[in-house]
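The primary structure of each chain is shown beneath.
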Amino acid sequence: MADHAAEAILFNRRIVFSVIVVLVLFLVLLLNLYQLQVVRYEEYSTRADGNRIKLVPLSPNRGMIFDRNGVLLAENSPVHSLELIPEQVADLPATVTALSALISIDADTQERFYKDVKKQRRFKSISLKEHLTEQEVAILAVHLHQFPGVTLEARLTRNYPYGDLLTHALGYIGKINEKEYQALEAAEVSANYAASRDIGKSGIEKFYESQLHGTVGYQEVEVNSRGRVIRTLREQPAISGDDLYLSLDLGLQLKAQEALGENRGSVVMLDPRDGSVLAFYSNPSYNPNLFVHGISSKNYNLLLNSPDRPLVNRITQGLFPPASTIKPLLGVLGLENGTVTEQTRIPDPGFYRLPNVSRRWRDHLEWGHGYVDIYTGIIKSCDTYFYHLAYKLGIDKIADFMTNAGFGRPSGIDLHEENEGNMPTRAWKKARHKQNWGPGDTINIGIGQGYWQATPLQMALTTATLVNSGGRITPRLARNFHNQQQDQSLLLPLEQAITVIDPNNWAISREAMYRTAHQEGGTARGAFLGATYTIGGKTGTQQVINIAAGQKYNAKAINARHRDNAMFVGYAPHDKPEVTIAVVVENAGGGGSNAAPVARQMLDYYFSPQYNAPTLPSIADIAVIQQQRYDAMLVREQAYAEEAAREKAAKEARKAAELLRKSGNIVTPAENNLPPQTATESTPPPPAATEEKPIDE
């Protein structure tokens, strides 16, 4: 029989145990509740608000860029994009297919969109196609009611209305990449880019990025449990970037583009009084809008591989021996050093010889200039005079003087893309070539050849140093920032870089430059006949390849890209200079007949009434010009590609024929008709101390 007493005791014990467990659990619950509601109240309250309240960054409007007359050069233009909210679209693939039937959406764009869908939350708006045309916007606006969850969104993006006209000065903006974001974090400014997609990539846009970008703003919004915005609680508006006014003149830019035409080269014009850059054009150029809107691989490869190198800013990155353009400065050094005087005359039989050396350094005039003083040496660009002067001075004095003038050093221009060039010295040659400096090296330096490398900007800058009697300017593309509080000038004061014993030595070289452009026999006189202003100038012709002793230069017999570069430097007016200018026209020939006429067109415009009251083409006309230039570039690139293919085929055929001959096989008649080897099929040697080709001004 059952023991009811024992069962009752067991039951009671179980009841007591259960009650105790419940009480313990209840106490634990109370303790946790106390911990949550009292001890950690502040922490969890803050976290709850964090789930309910979000800070949404607001992108600032980028500062706009204007020329000296207030013409808008870089603007913020609205662009439209087609966007979808996946959770509101019943059948995403079908919707994308239907939209593709209305406007062109290629397979690559669709693939990118589906990848973005997988990465983003489904209630977030995701872009399907950006930078819609006006026609596409109109088509979508009509049919948008048929597509729930599909919207047209507008935002501001950078636009450069003048296309390739100012690219190497303005630069461009583009999407922030990982390397740039890491740099922003290292500089502790990444928070200011929380809502920004783009950043300055080159040019003015990059140099003045911090001022142009502006300051990020914020919206404090309330969201639901799924993260959707319910309402805006508070807003701190973004502060727009400062507007930037340049010293550049759009009319001069247009004139530079017109004057160079399809020639490779550059034009830079400075104000020697304050360093303002008035014109800054490198040709060929490219349309920066391609990079802002996302350049295609085809277009990028076209620019990258072009033999014309449009991506290179020739003004600050192109390196050229400055040729005879340095003779006026070298003359100042010779006068100041006492090596020559205003009356010193040396004989020029058409060549120069070092003492006890038989080889000749030829003058560009085969029969010579007779007895030559410093004026004739500059006016007629007598090489023999400056061979003699350089040899007497020595490389040490020349290098020190020219470096102080502005060669072989950064100019200080407000661009990151700049080569400092090379003002060669004994130490440089020893370190670079493991050779000692020789007298022949110095003689080549006397006519701006050999190892000397300079940018067109340095040529204009050092001309300003001569004009300012040793005062060196710091070139500036930007003149001032403008915001609601103040105008901030960006121009820098003149620096007295060279002090001479006799200031008249500067005047002697300037007088010689004046006569070069105005006196009978001057190498620039033909270009400036009839000018309504006075000018001082110096021509230069820089050889690209070496011409061996005993041979004469024949432009028609060599590859076009191996022909001489034409150069000109100058200033105007002669008495009170307002501008200095440097022109380089690549592979064009003599400086007097090819570069000086470009300078003439620029100076004619500057001294005309149109400079201060310009009549500029409309944006529509500019767009037509830009398209024409782009079409012309495509034609040139096609011709280059065909020429390269022909040369490659000819080279391979010659190689095959040579292998057949070496193997003892008979060469067929077809192989005997192979085209001759051209200069483009070998790399031209660098300028060397043995150069003897005469420089024809």
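Just so it is clear, the structure is predicted and the values come from calculations on it, not from any experiment.

What counts as what
- Residues numbered from 1 in each chain as written.
- Predicted model: local features only at pLDDT ≥ 70, side-chain atom pairs only at ≥ 80, totals over all residues.
- Heavy atoms only, no water.
- Helix = DSSP H or I, 4+ residues; strand = E, 2+ residues; numbered from the N terminus.
- Rg over C-alpha atoms; globule rule 2.2 N^0.38 Å.
- Buried < 20%, exposed > 50% of the residue type's maximum accessible area, 1.4 Å probe, protein only.
- Contact = heavy atoms within 4.5 Å.
- Areas by Shrake-Rupley, 256 points an atom, 1.4 Å probe, with all protein chains shown as cover.
- Lys, Arg positive; Asp, Glu negative; His and termini not counted.
- Charge placed at Lys NZ, Arg CZ, Asp CG, Glu CD.
- pLDDT = per-residue confidence, 0-100.
- Polar contact = N/O pair within 3.5 Å; in protein donor to acceptor, adjacent residues only side chain to side chain.
- Expected span 1.5 Å × (residues − 1).
- Domains from an automatic or database assignment.
- Buried area = accessible area lost by both parts, 1.4 Å probe.
- Salt bridge = Lys/Arg side-chain N within 4 Å of Asp/Glu carboxyl O.
- Nonpolar A, V, L, I, M, F, W, Y, C, P; charged D, E, K, R; others polar.
- UniProt positions renumbered as here; feature names shortened; annotations may be inferred.
- 1 Å grid on protein atoms, 1.4 Å probe; cavity = no way out; pocket = protein on both sides within 12 Å on 5 of 7 lines; lining within 4 Å.
- Points joined across faces, edges and corners; volume = space filled by probe spheres on them.
- Phe/Tyr/Trp six-rings, centres within 6.5 Å; stacked < 30°, edge-to-face > 60°.
- Core = buried A, V, L, I, M, F, W, Y, C linked by side-chain atoms within 4.5 Å.

Before going further, it helps to spend a moment on the overall build of the protein chain. From N to C terminus, the protein chain includes 25 helices and 23 strands. The C-alpha radius of gyration computed for the protein chain amounts to 36 Å, which surpasses the reference 26 Å derived for 697 residues by more than 25%, pointing to a less compact arrangement than a globule. Viewed in the frame of its principal axes, the protein chain has a C-alpha envelope of about 145 × 75 × 60 Å. When the 697 residues of the protein chain are sorted by exposure, 47% land in the buried category. Here the analysis covers contacts within the protein chain between residues at least 6 apart in sequence; of these, 74% occur between residues at least 24 apart. Only carbon and sulfur atoms are counted for the fraction: they give 53% of the accessible area of the protein chain, which is about 34,400 Å². One finds the centroid of the 71 positive side-chain charges in the protein chain at a distance of 5 Å from the centroid of its 75 negative side-chain charges.

Moving on, we come to the confidence of the model for the protein chain. For the protein chain, the mean per-residue pLDDT works out to 87, and 91% of the residues sit at or above 70. Low pLDDT, under 50, characterises residues 667-697; the predicted model gives this stretch 79 contacts beyond four residues in sequence or across chains.

Owing to its 3.6 residues per turn, the α-helix brings residues three or four apart onto one side. Between a side-chain oxygen at the N-terminus of helix H7 (residues 178-186) and the backbone nitrogen of Lys 179 the separation is 3.2 Å; the capping residue is Asn 177. Just downstream of H7 lies Glu 188, where phi reads positive at about 60°.

With that settled, consider helix H21 (residues 504-518). Compared with the 21 Å implied by 1.5 Å per residue over 15 residues, the 21 Å span of H21 between its first and last C-alpha is a close match. Those residues of H21 not exposed but buried are Asn 505, Trp 506, Ile 508, Ser 509, Arg 510, Ala 512, Met 513, Thr 516 and Ala 517.

Bringing the domain arrangement of the protein chain into the picture now. Per the domain assignment, the segments making up the protein chain are domain 1 (55-246), domain 2 (250-284 + 315-479 + 488-544 + 560-612) and domain 3 (617-649). On the side of domain 3, four residues touch domain 1, which itself brings five residues to the contact. When residues of domain 1 are sorted by the area they lose upon contact with domain 3, Pro 161, Tyr 162 and Asp 164 head the list and together hold 90% of the total. The interface formed by domain 1 and domain 3 holds one salt bridge in total. Of the charged contacts, one joins Arg 629 and Asp 164 as a salt bridge, the two residues approaching to 2.9 Å between their closest N and O atoms. Counting across the interface, domain 1 meets domain 3 through three residue pairs in polar contact (both at pLDDT 80 or more). A breakdown of the residues in the side of domain 1 that touches domain 3 according to their chemical character gives three nonpolar, one polar and one charged.

Moving on: the UniProt feature "active site" (unreviewed entry) in the protein chain. Per the UniProt annotation, the sites labelled "active site" (unreviewed entry) are Ser 324. Structurally, Ser 324 is set in the loop between helix H13 (314-317) and helix H14 (327-337). We classify Ser 324 as buried; its relative accessible area is 0%.

With that settled, the discussion passes to empty space enclosed by the protein. Evaluation of the coordinates by the stated rule reveals four cavities of 30 Å³ or more. Volume-wise, the largest cavity comes out at about 80 Å³. Looking at the largest cavity, the residues that line it are Thr 325, Ile 326, Pro 328, Leu 329, Phe 407, Met 459, Thr 462, Thr 463, Leu 466, Met 513 and Val 569. Every element with two or more residues in the lining of the largest cavity is listed here: H14 and helix H20 (456-467).

Overall, the coordinates contain 18 aromatic pairs when judged by the stated rule. Aromatic side chains Trp 437 and Tyr 451 sit 6.3 Å apart centroid to centroid with 50° between the ring planes, which places their arrangement in the tilted category. With a gap of 14 residues between them, Trp 437 in the loop between helix H18 (426-433) and helix H19 (439-445) and Tyr 451 in the loop between H19 and H20 connect regions that are remote in the sequence. In this structure, Trp 437 and Tyr 451 share a single accessibility class: buried. By way of ring pairs, the aromatic residues Tyr 533, Tyr 605, Tyr 606, Phe 607 and Tyr 611 are connected into one cluster.

Moving on, we come to the nonpolar core. Generally speaking, a soluble globular protein has its nonpolar side chains buried in company with each other. Residues Leu 244, Met 269, Phe 280, Leu 330 and Phe 528 are the most contacted members of the largest nonpolar core, which totals 121 residues. Shared between two domains, this core takes at least three residues from each, and those domains are domain 1 (55-246) and domain 2 (250-284 + 315-479 + 488-544 + 560-612). Setting aside chain neighbours within four positions, we find Met 269 in contact with Leu 252, Ser 276, Val 277, Leu 278, Ala 279, Val 579, Thr 580, Ile 581, Met 602, Leu 603 and Tyr 606. Counting residues in hydrophobic clusters, the runner-up holds 18 residues, among them Leu 92, Val 96, Ile 126 and Leu 132.

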